[in-house]
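A closer look at the structure
Each chain, letter by letter, is given below.
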Amino acid sequence: MKNLTTYCTLIFLIIFLTSCDDPNPTELLFDDTAVDEDIEVDLVADDPNTFVYTNGYDSTGIVESLPRSYSIIYLTGSKYSINNVPFREINHAEAVFYDRNRPLRTNSGTEVGFHSNYVGRVFFGEDSALVRSNRISFVENGLQRSVNAGFKYVLSQRVNLNTGQNKFPFGQRVQFRLVNPLNGRVQESLQIPTPLEITGLVLTSGSVQNGDLRINLQWSNSQSSTGRIRIVIGGILRGTDLTFPIYDVNVKDNGIAKIPKWMIDNIQFERFDSLVITFIRQLEFSGRLNDNTLSDSFIVAQSIHNVILVP
């Protein structure tokens, strides 16, 4: 990942942010005024036809090409909208325990990940996670590949949009347990706090064809005095179902933002069927836990809202 900017005072690389006391989205007007703000912008990948690791950042929030820790645990309440119309919500919990001595490489020798191990039974709350094949997908030289890299633990559940049944426990705590399958003893037990739910709204004007597309953003439950959120700007690669991240933006969690023109102008829209704006509010934890299995761990609980913009 190539870091482009981390500025406290911005003149031309701007996401327009203003404070928002109302916990719900407020009216947003298009404005080209430059405002000084503290933001971070990362370019995730240059060329989706050269190489990109694509393991579904729209449901995991993870855009790094390589795992940052030996053990990764995440809890996600994710939802999807097409042109701001909700159509799906999914609760997703996952745990992966990597063997850093067994790297996974492409045919050209590029390292894209590591094999992962089976370490026992995993529970999220009272539900036992299923053991699944840990398949890693990536695009190499323009072709999609998918390989089996070991095991992962997955618990996934759809939310009933009409009744709210199975709603993700935002603003609460979820217990994680790792159990020895031979003697039934708990090897590790954690209480993982979850963030407040985020609901995003994407407002556009102009068009790609005319070269005047502008994008403004809003989101709910803002916490400008205490937190930050991430906004991942990406797209669905043309002719595939792969979501490809382009920019990873970190901003104050104050409920309103503007995507600057330079970022829009540098998106190669011809490579994508649709643009995807992903709002991510997350709580992160890392470090060494009591058990060796969870040493060098990265734990994240998050609320994700993917807004797919279909032309």
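Residues numbered from 1 in each chain as written. Predicted model: local features only at pLDDT ≥ 70, side-chain atom pairs only at ≥ 80, totals over all residues. Heavy atoms only, no water.

What follows is about the overall build of the protein chain. Of the regular secondary structure elements, the protein chain holds two helices and 19 strands. The buried share of the protein chain, reckoned over its 311 residues, is 50%. Considering only intrachain contacts with a sequence separation of at least 6, the fraction spanning at least 24 residues in the protein chain is 68%. Looking at the protein chain as shown, the accessible area adds up to about 14800 Å², and 47% of this sits on carbon and sulfur atoms. (Helix = DSSP H or I, 4+ residues; strand = E, 2+ residues; numbered from the N terminus. Buried < 20%, exposed > 50% of the residue type's maximum accessible area, 1.4 Å probe, protein only. Contact = heavy atoms within 4.5 Å. Areas by Shrake-Rupley, 256 points an atom, 1.4 Å probe, with all protein chains shown as cover.)

Taken over all residues, the pLDDT of the protein chain has a mean of 80, while the share at 70 or more is 79%. In this model residues 1-36 is a low-confidence stretch, pLDDT under 50, and it forms 96 contacts with partners more than four residues away in sequence or in other chains. (pLDDT = per-residue confidence, 0-100.)

It is worth spelling out the side chain of Asn306 at this point. For Asn306, the position within the fold is in strand β19 (residues 297-309). Its relative accessible area of 0% is what places Asn306 among the buried residues. Excluding its chain neighbours within four sequence positions, the residues that come into contact with Asn306 are Asp58, Lys79, Tyr80, Ser81, Val276, Ile277 and Thr278.

This part is about the pairing of strand β17 (residues 256-259). Residue alternation in β17 divides its side chains into two sets, Ile256 and Lys258 and Ala257 and Ile259, and both sets are buried. In terms of strand pairing, strand β14 (residues 214-219) meets β17 through four bridges, oriented antiparallel. Each residue of the ladder has a partner; that of Leu217, found in β17, is Ala257. (Pairing = 2+ DSSP bridges.)

Membership of the largest hydrophobic core comes to 30 residues, with the highest contact counts inside it found for Leu217, Trp219, Ile231, Ile233, Tyr247 and Ile277. Elements that contribute at least two residues to this core include exactly β2 (39-43), β14, β15 (228-237), β16 (243-252), β17, α2 (261-265), β18 (272-287) and β19. Top contributing element to this core by residue count: β16, with five residues. Residue contacts for Ile231: discarding those within four places in its chain leaves Leu217, Trp219, Tyr247, Asp248, Val249, Val251, Ala257, Ile277 and Thr278. With 18 residues, the next largest nonpolar core counts Ala93, Ala95, Leu178 and Ala301 among its residues. (Core = buried A, V, L, I, M, F, W, Y, C linked by side-chain atoms within 4.5 Å.)

Pairing is antiparallel across the open sheet formed by four strands, whose spatial order is β8-β7-β11-β12. Of all the strands in the sheet, just β8 (127-128) and β12 (186-193) have a single pairing partner and so form its edges. Pairing analysis gives two bridges linking strand β7 (residues 121-124) to β8, with the strands arranged antiparallel. Across the sheet, residue Phe123 finds its bridge partner in β8, namely Ser128.

Position of Gln223 among the secondary structure elements: in the loop between β14 and β15. With 31 residues separating them in the primary sequence, Gln223 and Asn254 have C-alpha atoms 5.7 Å apart. Apart from residues lying up to four places away in sequence, Gln223 is in contact with Leu196, Asp253 and Arg281.

This part takes up the sheet that holds strand β13 (residues 200-205). Overall, antiparallel pairing links the three strands, which are arranged β13-β14-β17 in an open sheet. This sheet does not close on itself; its edge strands, each paired only once, are β13 and β17. When the angles between neighbouring strand axes are averaged without regard to direction, this sheet yields 20°. Note: β13 against β14, six bridges, orientation antiparallel. If you follow Thr204 over to β14, its bridge partner there is Ile215. (Axes fitted to C-alpha atoms, helices over the stretch in contact; angles between N-to-C directions.)

As a further point, take the pairing of β7. By the bridge criterion, four bridges tie β7 to strand β11 (residues 173-179) in an arrangement that is antiparallel. Residue pairing in the sheet places Phe124 in a bridge with Phe176 of β11. In sequence, β7 turns back onto β8 through a hairpin of two residues, with Gly125 there showing a positive phi of about 65°.

Bringing the packing of aromatic side chains into the picture now. Given two aromatic rings, one states the distance between the centres and the angle between the planes to describe the pair. Evaluation of the coordinates by the stated rule reveals eight aromatic pairs. Taken together, a centroid distance of 4.8 Å and an interplanar angle of 55° make the contact between Phe168 and Phe170 tilted. Assigned by exposure class, Phe168 and Phe170 land together as buried. With a centroid separation of 6.3 Å and 55° between ring planes, the pair formed by Trp219 and Phe279 is classed as tilted. Here Phe279 lies in strand β18 and Trp219 lies in strand β14, a separation of 60 residues in the sequence. The exposure class assigned to Trp219 is buried, which follows from its relative accessible area of 1%. Following the ring pairs from residue to residue traces out a cluster consisting of Phe97, Tyr118 and Tyr153. Against the face of Tyr70 rests Arg100, its NZ or CZ located 5.0 Å from the ring centre. Sitting above the plane of the Phe123 ring, Arg177 keeps its charged end 4.5 Å from the centroid. (Phe/Tyr/Trp six-rings, centres within 6.5 Å; stacked < 30°, edge-to-face > 60°. Lys NZ or Arg CZ within 6 Å of the ring centre and 35° of its normal.)

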